[in-house]
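Read off the chains here:
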Amino acid sequence: LAMAVFSAIKNKKNQKIREGIEDLALKCGDENHTGNVDVDLVMKQMEGMNIKLEGKEMAKMEKLADKNRKISREDFVSYGKQSKCVKEYVDKTGKEHQSNTNRATAVKTDTIKIDKAMAAFKAIDKDHSGFVDREEFLNFTSNLPVKQREKLLNNLDKDGDGKIDLEEFRQLFEKK
């Protein structure tokens, strides 16, 4: 089950990367709004973040581009998922956004402790009710045998209300 929890967290991270690639594709869209991505605009965005496209990365992107140095949005997104430079760009722009948000709200960010239990709980709590209900839990643990899923649900649901709150869920993360 712990593996499933970490898988949910990884899926959330991959979603953020996909969203970042889509944002870059939008920023670098061609002036005719055909849905294509302009290679030169991508390079300018990268340079603005002190990321230099070199060698294989540049060759791959130029191979995808047409004679006008445009790449279809779909091809660019596919390229971006494999590109270290694009992932670095997404990471930097995400951190820059987070840093700007923190400065604007005067939040101190010396150390941030990630609450893995809370992150996993929020990923499973699809309806954002503050509880993982029976259906959400059974969907999340669908890779386990039925009897094991039921037993785990009953063991976690200490108060017997048919749903798991965050404190009950934390049991999964406690060292035994």
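Before going into details, it helps to say that this report is about the structure given with it. Given the structure is predicted, the values throughout are model-derived calculations rather than measurements.

Thresholds applied
Residues numbered from 1 in each chain as written. Predicted model: local features only at pLDDT ≥ 70, side-chain atom pairs only at ≥ 80, totals over all residues. Heavy atoms only, no water. Helix = DSSP H or I, 4+ residues; strand = E, 2+ residues; numbered from the N terminus. Buried < 20%, exposed > 50% of the residue type's maximum accessible area, 1.4 Å probe, protein only. Areas by Shrake-Rupley, 256 points an atom, 1.4 Å probe, with all protein chains shown as cover. Arc of directions from axis to C-beta. Phe/Tyr/Trp six-rings, centres within 6.5 Å; stacked < 30°, edge-to-face > 60°. Lys NZ or Arg CZ within 6 Å of the ring centre and 35° of its normal.

Moving on to the overall build of the protein. Looking only at helices and strands, one finds nine helices and four strands in the protein. The N-to-C order of helical and strand elements in the protein reads α-β-α-α-β-α-α-α-β-α-α-β-α. By the burial criterion, 32% of the 176 residues in the protein qualify as buried. With an accessible surface of roughly 12,100 Å², the protein has 51% of that area assigned to carbon and sulfur atoms.

This part is about helix 6 (residues 116-124). For helix 6, the complete set of buried residues consists of Ala117, Ala120, Phe121, Ala123 and Ile124. The buried residues of helix 6 occupy an angular sector of 160° when the element is viewed end-on, so they sit on one face.

What the rule picks out here adds up to two aromatic pairs. Consider the rings of Phe76 and Tyr79, whose centres lie 6.1 Å apart with planes at 45°: the pair is tilted. Here Phe76 pairs with Tyr79, and both are found in helix 4 (residues 73-82), just three residues apart, close to one helical turn. You can call Phe76 buried: its relative accessible area is 0%. A relative accessible area of 6% means that Tyr79 is categorised as buried. Look at Phe121 and Phe169: their rings are 5.5 Å apart centre to centre, the planes differ by 65°, and that puts the pair in the edge-to-face class. A residue pair is termed long-range when its members are at least 10 positions apart, and Phe121 in helix 6 and Phe169 in helix 9 (residues 166-169) qualify at 48 residues. Accessibility classification places Phe121 together with Phe169 in one group, the buried group. Residue placement shows Lys163 over the ring face of Phe131; its charged tip is 4.3 Å from the ring centre.

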